[in-house]
Amino acid sequence: MYDFAYHKPASIADAVALLAGDPEARPLAGGQTLIPVLKQRLNKPSKLIDLSGLGLNRISVSGNALSIGAMTPHATVANSADVQRAIPALAKLAGGIGDNQVRNRGTIGGSLANNDPAACYPAAVLGLGATVVTNKRRIAADDFFQGMFTTALEPGEIITEVVFPLPVEKAAYMKFAQPASRFALVGVFVAKGPAGVRVAVTGAGQNGVFRQREMEAALTARFAPDAIANIKTPPDQLNSDIHGSAEYRSHLITVMAKRAVAAAA
Amino acid sequence: MPQVTLTVNGKRHTVEVEGRTLLVELLREKLGLTGTHVGCDTSQCGACVVHVNGDSVKSCTMLALQADGASVTTIEGLAKPDGTLHPMQEMFREHHALQCGFCTPGMVMSAIDLVNKHPEGLTEAQIREGLEGNLCRCTGYHNIVKAVAAAWPLMHGKTMPAAAE
């Protein structure tokens, strides 16, 4: 790992100023992706700005929204009584990311800002029609994810919280985990809530997480597994690698979506 | 060089580190606590697991500076000063839950966190899933799972609730 200067600001304003003053500075959330990347010397930041001192780790429920602070670790989301009550599928998804040790450090904001094409959280945020709140603005999930490892975040922009609209009537996430990494070979989040019926797919798309709109239409008409049994996702837009071909991933999307609908219904 | 102040196994230390110094490097190279192992160095194997403020973490995937102000427990901090082993260590010995022993420190630290956080009891499946982040290349998992189940009543001071069996 190349060396860097480490800063742990105590306010969002200080964090933003540190990032704005140096284009080579990078924010550090839980570090469960960034630190391995730095070890491989794939990135050479001048400064790491640790966001753990900004108080961005609160979970709260108001009448029509569940809000999760950006620096909340996956384990906290998984074990939160508020999350379990409001959106049990979201708590379950968080409890299935990586392993216990990764879940104790990795954060929702870090996962979203990284937008790994096989990460779990992007599927929940897109599938639930959540809003990503930053120090500058509120970004709808549909506008936030912009391709593999690419988001709407501008340089120096920090995610502060993620707001999920309530009430969620039905929701479930089904992941076919890559056996070594536990990342999603294919993961499908199905939800029926204030944002309508949504089907978000992670792990499969060449451009990262995406909505399967044909399935959404079919499930809006009738929310049942067999309503989508014959809907195929064209493989030409899907990933193909040593873990699975595009055709295999296409097949898995339908299987996982059906299982998610069955679990949610 | 920046300084980090942390408590390790009950003892307070202030150490000079680089920004890039990992927590495991601080423990092994600066404090001489070589019980915490580095296996894969890619946050897969769990040989480096320690507790930071009571939570198990992979110390190869945390910067030393991120542990500033924290309380860290390593495998060396488990036994009592008179040498009495922690119940989890004792059950690993009792059930022969180790072969080469390389994964053992991380396995024990993860297992203690798992048992601490499940006062309602643990099924065998939950124990196996809970140790997903620790790899044993001797594939000695079966006895490890037995040891964790045996340590649960000792750590909670009661028999495992029947519902969890």
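Residues numbered from 1 in each chain as written. Chains lettered and ligands numbered in written order. Predicted model: local features only at pLDDT ≥ 70, side-chain atom pairs only at ≥ 80, totals over all residues. Heavy atoms only, no water.

So what's going on with helix H11 (residues 246-264) of chain A? Which residues, and what values?
When the terminal C-alpha atoms of H11(A) are compared, their 26 Å separation across 19 residues agrees well with the 27 Å that a helix rising 1.5 Å per residue should span. Within H11(A) the residues assigned to the buried category are A:Ala246, A:Arg249, A:Ser250, A:Leu252, A:Ile253, A:Thr254, A:Met256, A:Ala257, A:Ala260, A:Val261 and A:Ala264. (Helix = DSSP H or I, 4+ residues; strand = E, 2+ residues; numbered from the N terminus. Expected span 1.5 Å × (residues − 1). Buried < 20%, exposed > 50% of the residue type's maximum accessible area, 1.4 Å probe, protein only.)

Let's hear about the packing of aromatic side chains: which residues, and what values?
Residues and elements named next belong to chain A. In the structure shown here, the tally under the stated rule is three aromatic pairs over all chains. With 5.1 Å between their ring centres and 90° between their planes, Phe144 and Phe145 make a pair best called edge-to-face. There is no split in this pair, since Phe144 and Phe145 are both buried. Sitting above the plane of the Tyr2 ring, Arg41 keeps its charged end 4.3 Å from the centroid. (Phe/Tyr/Trp six-rings, centres within 6.5 Å; stacked < 30°, edge-to-face > 60°. Lys NZ or Arg CZ within 6 Å of the ring centre and 35° of its normal.)

So what's going on with the interface of chain A and chain B? Residues and values would help.
If you look at the interface, chain A gives 23 residues, while chain B gives 26 residues. At the boundary of chain A with chain B, total buried surface from both sides reaches about 2000 Å², with 50% on carbon and sulfur atoms. Together, A:Lys39, A:Gln101 and A:Arg105 form the three largest contributors to the area buried by chain A at its contact with chain B, with a combined 29%. Counting across the chain A and chain B interface gives three salt bridges. The partner of B:Lys58 in a salt bridge is A:Asp99, with the nearest N and O atoms 2.7 Å apart. Our count for the contact surface shared by chain A and chain B stands at twelve residue pairs in polar contact (both at pLDDT 80 or more). Broken down by element, the side of chain A that touches chain B gets its largest block of residues, four residues, from helix H6 (residues 100-105) of chain A. (Contact = heavy atoms within 4.5 Å. Buried area = accessible area lost by both parts, 1.4 Å probe. Salt bridge = Lys/Arg side-chain N within 4 Å of Asp/Glu carboxyl O. Polar contact = N/O pair within 3.5 Å; in protein donor to acceptor, adjacent residues only side chain to side chain.)

An account of the sheet that holds strand S1 (residues 3-8) of chain B is needed here, citing residue identities and associated values.
Residues and elements named next belong to chain B. Across the sheet, five strands lie side by side as S2-S1-S5-S3-S4; this open sheet has mixed pairing. Here the strands that pair on one side only, and so sit at the sheet edges, are strand S2 (11-16) and strand S4 (55-58). Ignoring strand direction, the axes of neighbouring strands in this sheet form an average angle of 40°. Those strands touched by helix H3 (residues 104-116) are strand S3 (49-52), S4 and strand S5 (71-73), and its axis lies near 40° from that of S3. (Pairing = 2+ DSSP bridges. Axes fitted to C-alpha atoms, helices over the stretch in contact; angles between N-to-C directions.)

Break down the domain arrangement of chain A for me, citing the residues and quoting the values.
The domain architecture assigned to chain A consists of domain 1 (1-53) and domain 2 (170-264). Relative to domain 2 of chain A, the C-alpha centre of domain 1 of chain A lies at a distance of 34 Å. (Domains from an automatic or database assignment.)

A description of the sheet that holds strand S3 (residues 47-50) of chain A should follow, citing residues and the corresponding values.
All names here are of chain A. Within the open sheet, the three strands sit side by side as S1-S3-S2. Their pairing is parallel. Bordering the open sheet on either side are strand S1 (5-7) and strand S2 (25-28), each of which pairs with just one other strand. Strand-to-strand twist across the sheet, computed as the mean angle between neighbouring axes with direction ignored, equals 25°. As paired strands, S1 and S3 are joined by three bridges and run parallel to one another. Following the sheet pairing, Tyr6 is matched in S3 by Leu48. Along the sheet face, helix H1 (residues 12-20) touches S1, S2 and S3 and points at about 145° away from the line of S2.

Could you give me a rundown of the packing of helix H2 (residues 87-94) of chain B against helix H5 (residues 141-156) of chain B, with the residues and numbers involved?
All names here are of chain B. For the pair H2 and H5, interaxial distance at closest approach is 8 Å and the crossing angle is 140°. Classified by the interaxial angle, the pair formed by H2 and H5 is oblique. In this structure, H2 meets H5 at a crossing whose hand is right-handed. Along the contact surface, H2 presents Pro87, Met88, Met91 and Phe92, while H5 presents Ile144, Ala147, Val148, Ala150, Ala151, Leu154 and Met155. Tallied by class, residues from the contact of H2 with H5 come to eleven nonpolar, no polar and no charged. (Parallel < 35°, antiparallel > 145°, perpendicular 65-115°, else oblique. Left-handed = near helix turned anticlockwise from the far one by under 90°. Nonpolar A, V, L, I, M, F, W, Y, C, P; charged D, E, K, R; others polar.)

Describe the pairing of strand S5 (residues 65-69) of chain A, with residues and values.
All names here are of chain A. In terms of residue burial, S5 counts as a mostly covered element, since five of its five residues are buried. Burial along S5 is two-sided: Ala65, Ser67 and Gly69 facing one way and Leu66 and Ile68 facing the other are all buried. Across four bridges, the pairing between strand S4 (residues 59-62) and S5 is antiparallel. Looking across to S5, one finds that Ser60 is bridged to Ser67.

Give a detailed account of the side chain of B:Gln89, specifying residues and quantitative values.
Residue and element names in this part refer to chain B. Among the structural elements, Gln89 can be located in helix H2. Residue classification places Gln89 among the buried residues on the basis of a relative accessible area of 16%. Each residue touching Gln89, except ones within four places of it in the same chain, is listed here: Ile75, Leu78, Ala79 and Val108.

So, the pattern of salt bridges: which residues are in play, and what are the values?
Tallying each qualifying case throughout the model produces 19 salt bridges over all chains. A:Asp226 is the partner of A:Arg222 in a salt bridge, and the nearest nitrogen-oxygen pair spans 3.1 Å.

I'd love a proper account of the domain arrangement of chain B, names of residues and values included.
Residues and elements named next belong to chain B. Taken domain by domain, chain B consists of domain 1 (3-77) and domain 2 (87-164). Measuring from the centre of the C-alpha atoms in domain 1 to the corresponding centre in domain 2 gives 22 Å. Taken together, the contact between domain 1 and domain 2 spans 18 residues of the former and 14 residues of the latter. In total, about 1200 Å² of surface goes out of reach between domain 1 and domain 2, with carbon and sulfur atoms giving 58% of it. When the buried area of domain 1 at its contact with domain 2 is split by residue, His37, His51 and Ile75 rank highest and sum to 38% of it. Counting across the domain 1 and domain 2 interface gives one salt bridge. We note a salt bridge from Asp55 to Lys117, for which the minimum N-O separation is 2.5 Å. Put simply, domain 1 and domain 2 have eight residue pairs in polar contact (both at pLDDT 80 or more) between them. Broken down by secondary-structure element, the contributors of at least two residues to the side of domain 1 that touches domain 2 are S3 and S4.

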